[in-house]
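Here are the chains, one letter per residue:
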Amino acid sequence: MPTITAPEPQSNPRTKHTTAKPTLPGEYDLLPLNQIKPNPDNVRDDAQALPGIVENLQEDGVAGLLSPVIVTPLSNDTYLLIDGEQRYWSAVEAKQEFIPAIIRNDLANNREQIVSMLRQVHRKDPTAAQQARGIQQLALDGMDDEEIARRTGYSPDQVKAGRSVAALDKHTAERTHALGLDFAQAAALAEFTDQPDTIGTLLEEAEDGPFAFARAVEQARSARNAHQAEATRRAELTAAGITLLDDNPSYNDPKIKDVSDLRDAEGQRINAEEHAACPGNAVLLYLAYDHKLTERTYCTDWRAHGHNLPSYATATRSGPMTDQEKAERRRVIENNKAMEAANKVRREWLTNLLAAKTPPKGTAKLIAEMLADSGYTMSTWINGGRKMLDDLLSPGKTKRAGTSRVPARLSDARYSVISLAAIAAANESAITRTSWRAPDPTAAKWLQWCITNGFQVGKVEQLIIDGVANRTANRRAALTVAQTKPGESQAGCDKTVPEQVDARAPHADVATAAAAEGADSNTESDPHTANNLAA
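Quick notes on the rules
- Residues numbered from 1 in each chain as written.
- Predicted model: local features only at pLDDT ≥ 70, side-chain atom pairs only at ≥ 80, totals over all residues.
- Heavy atoms only, no water.
- 1 Å grid on protein atoms, 1.4 Å probe; cavity = no way out; pocket = protein on both sides within 12 Å on 5 of 7 lines; lining within 4 Å.
- Points joined across faces, edges and corners; volume = space filled by probe spheres on them.
- Helix = DSSP H or I, 4+ residues; strand = E, 2+ residues; numbered from the N terminus.
- Nonpolar A, V, L, I, M, F, W, Y, C, P; charged D, E, K, R; others polar.
- Salt bridge = Lys/Arg side-chain N within 4 Å of Asp/Glu carboxyl O.
- Buried < 20%, exposed > 50% of the residue type's maximum accessible area, 1.4 Å probe, protein only.
- Polar contact = N/O pair within 3.5 Å; in protein donor to acceptor, adjacent residues only side chain to side chain.
- Contact = heavy atoms within 4.5 Å.
- Pairing = 2+ DSSP bridges.
- Axes fitted to C-alpha atoms, helices over the stretch in contact; angles between N-to-C directions.
- Parallel < 35°, antiparallel > 145°, perpendicular 65-115°, else oblique.
- Left-handed = near helix turned anticlockwise from the far one by under 90°.
- Arc of directions from axis to C-beta.
- pLDDT = per-residue confidence, 0-100.
- Phe/Tyr/Trp six-rings, centres within 6.5 Å; stacked < 30°, edge-to-face > 60°.

1. What to know about the layout of surface pockets
Any empty space left between atoms is shown by rolling a water-sized probe over those atoms. The volume enclosed by the second largest pocket comes to roughly 530 Å³. Around the second largest pocket sit 20 residues that line it, and Glu205, Arg215, Gln219, Ala338 and Lys459 are the ones nearest its centre. Of all the elements in the fold, those that place two or more residues in the lining of the second largest pocket are helix 9 (196–206), helix 10 (210–239), helix 12 (323–353) and helix 18 (459–483). The element contributing the most residues to the lining of the second largest pocket is helix 10, with 5 residues. Of the residues contributing to the lining of the second largest pocket, the split by class is 9 nonpolar, 6 polar and 5 charged.

The following block contains the structure:
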């Protein structure tokens, strides 16, 4: 923010001013308190008497009020209060008959809300909901977003957000205030006004901090977009006259078969496009656990419509999954979804961090360690392209061909930030939606550095950190056991049998995800092959 310097006082009091002194608007007077009406459209709905002002008024009368209230004339000798509600209510509680007031006759033409809103902009303490109410009131008074932004000092994006925040119910608005959510966070909540359960979940996550809230918002948006895409696609298929299956057919169903399992009379595979003309053509449309919209084509009576099964038998597991296998499958896919959201939130945080002119603490050591000790991560990134670097340094922009990522004239500190961005891009490129399954020491070190600089990791990211830490601890314990000679006691112990390392310790080697290690993303999102997950 630029520094503003106050003008120097004139040494000669008779010095002429370059412009004529403007006329001071309004008049100062003592008004009867019962002739003043509080503004029902004031954005503040929590104004109340202040004990200190009440005491001053009780002791010194109107002289105890340093600042007058501001009013505008109404009809029948009454006035509308447009600024100073706390002073007004303090005078009411102090049982004052009169109150000092500035009467603004120039604001009598329905401009009180504008003035009230403009005054709130310059204060630090109005809540997001109160600011939103003010913006919404200005809109109801006929002002468009551009004019509201110009008059209030808000950006157009803030005005748009304020219009949506105003739709929050009173209970939700009170919780946003209690949790200290800012305007942007409250606007994110307002995206889900038609989903009260989602808002409840987001508010619960907000209690764990802004990063937890941001991750929850990303997951909620992903789920909402997926459901919208499903509804759109379902409508398209219905309009095209295609039969939609309500449930996933059993693998052993004697009549209904997935088209990919069928063959024609010559033993050739049948694809979905070729099967579209079959009278038994049907589609199963569903959202997988990872919000992936999946569409599978079936024949509702494959024998009757002249299809065949392949001559060979595929070795597959028969029978349903056990409850334990189902629970493990759900855990794997839920963690994959959580990791996707976590990656997006962390990278948004990094773009802001990397916009600075000076590097954050620990940058020099991190760069040295990553270059000297983590060569594999760096080489993989360099050989695989640098789109991640462009996304971190210039989010939302496409790098023009021929332009350098390193400008010719920058400070040494900014060059260090760009070096850090390259390190960040390498690490982020190596962290995928499944990285929690096999914790990597380099990824864990990178996440720890992010924590040191103010980032709050989520539970799924913590799995990477804990997994590496526990695996290291287990190896050290195993080494200690191996080095102890038979019959000798370990240091500090009295011939005690060495305690075995528990390979099932939480996150020790992510053993609980072993059943899903070999399953690719298609298997995770495919209920038809779910029984093969732990085969």
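2. Comments concerning the pattern of salt bridges
Taken as a whole, this structure holds 19 salt bridges when the rule is applied. Glu295 is the salt-bridge partner of Arg233, the closest N and O atoms lying 2.9 Å from each other. Remark: Glu295 occurs in strand 9 (residues 293–299) and Arg233 occurs in helix 10; sequence separation between them is 62 residues. Two residues, Arg331 and Glu328, come together in a salt bridge whose shortest N-O distance is 3.2 Å. Within this pair, Arg331 and its partner Glu328 are both found in helix 12, separated by 3 residues, close to a single helical turn. Judged by relative accessible area, which is 28%, Arg331 ranks as partly exposed.

3. Examining the side chain of Asn281
By the element assignment, Asn281 lies in strand 8 (residues 281–287). The class for Asn281 is buried, based on a relative accessible area of 13%. Of the polar contacts made by the side chain of Asn281, one reaches the side chain of His275; its length is 2.8 Å. The contacts of Asn281, once residues within four sequence positions are left out, are Ile242, Thr243, His275, Ala276, Thr297 and Tyr298.

4. Description of the sheet that holds strand 7 (residues 257–258)
Reading across the sheet, the 4 strands line up as 6-8-9-7 and stay open at both edges, with mixed pairing between neighbours. Looking along the sheet, the strands with just one partner apiece sit at the ends: strand 6 (243–244) and strand 7. Pairing of strand 7 with strand 9 involves 2 bridges; the strand directions are antiparallel. Within strand 9, the residue paired with Asp258 across the bridge is Tyr298. In the packing of helix 10 onto the sheet, the strands contacted are strand 6, strand 8 and strand 9, and the crossing angle to strand 8 comes to about 170°.

5. A few points about the sheet that holds strand 2 (residues 36–37)
Taken together, the 5 strands give an open sheet; going across it, the order is 1-5-3-4-2, and neighbouring strands pair in mixed fashion. Whereas interior strands pair on both sides, the edge strands pair on one side only; in this sheet they are strand 1 (27–32) and strand 2. The pairing of strand 1 with strand 5 (residues 98–103) spans 6 bridges and is antiparallel. The partner of Glu27 across the bridge, within strand 5, is Ile103. Of the strands in this sheet, strand 2, strand 3 (69–73), strand 4 (79–83) and strand 5 are in contact with helix 2 (residues 85–93), which crosses strand 4 at around 125°.

6. Concerning the pairing of strand 8
Counting buried residues in strand 8 gives 6 out of 7 residues, a clear majority hidden from the surface. Judged from the 2 bridges that link them, strand 6 and strand 8 form a sheet pairing that is parallel. Bridge assignment links Leu244 to a residue of strand 8, and that residue is Val283. Examined bridge by bridge, strand 8 and strand 9 share 7 bridges and lie antiparallel to one another. In the sheet register, Asn281 faces strand 9, and the bridge partner there is Cys299.

7. With respect to the packing of helix 7 (residues 170–179) against helix 9
The geometry of helix 7 relative to helix 9 is characterised by a closest axis approach of 10 Å and an angle of 15° between their N-to-C directions. On the basis of their axis angle, the class for helix 7 and helix 9 is roughly parallel. Crossing handedness for the pair helix 7 and helix 9: left-handed. Of the residues in helix 9, those in contact with Thr172, Arg175, Thr176 and Leu179 of helix 7 are Ile199, Leu203, Glu204 and Ala206. Across the contact of helix 7 with helix 9, the residue classes break down as 4 nonpolar, 2 polar and 2 charged.

8. Examining helix 13 (residues 363–373)
By the burial criterion, the buried members of helix 13 are Thr363, Leu366, Ile367 and Met370. Buried residues along helix 13 cover an arc of 100° about the axis, so they all sit on one side. Residues Ala364, Lys365, Ala372 and Asp373 are exposed on helix 13 and point more than 90 degrees away from its buried face.

9. Observations regarding the confidence of the model for the protein
On average, residues of the protein score 77 in pLDDT, and 74% of them are at 70 or above. The least confident element of the protein is helix 19 (residues 514–517), whose mean pLDDT is 37; the most confident is strand 6, at 93. Here residues 313–317 is a poorly scored stretch, pLDDT under 50, and it has 8 contacts once near neighbours within four places are set aside; other chains count.

10. Details of the packing of aromatic side chains
Under the criterion given, the structure shown has 4 aromatic pairs. Centroid distance Tyr88 to Trp89: 5.0 Å. Interplanar angle 80°. Geometry classified as edge-to-face. For the pair Trp349 and Phe455, a centre-to-centre distance of 5.1 Å together with 45° between the ring planes defines the contact as tilted. In this pair, Trp349 is assigned in helix 12 and Phe455 in the loop between helix 17 (441–452) and helix 18, connecting sequence segments 106 residues apart. Considered together, Trp349 and Phe455 belong to a single accessibility category, that of buried residues. Put simply, the rings of Phe211, Trp349 and Phe455 pair up and form one aromatic cluster.

11. Considering helix 8 (residues 183–190)
For helix 8, the tally of buried residues reaches 7 of 8 residues, placing the bulk of the element in the interior. By the N-cap criterion, in which a side-chain oxygen at the helix start approaches the backbone nitrogen of a residue two or three places on, helix 8 is capped by Asp182, the distance to Ala184 being 3.2 Å.

12. Here we look at the side chain of Asp258
Position of Asp258 among the secondary structure elements: in strand 7. One polar contact links the side chain of Asp258 to the main-chain amide nitrogen of Ser260, over a distance of 2.9 Å. At 2.3 Å, the side chain of Asp258 forms a polar contact with the side chain of Arg296.

13. Some remarks on the packing of helix 12 against helix 17
Axis separation between helix 12 and helix 17 bottoms out at 12 Å; the angle between their running directions is 60°. Overall, the two elements helix 12 and helix 17 adopt an arrangement that is oblique. Like other packed secondary-structure pairs, helix 12 and helix 17 cross with a definite hand, here left-handed. Of the residues in helix 17, those touching helix 12 at Arg346, Trp349, Leu350 and Leu353 are Trp446, Leu447, Trp449 and Cys450.

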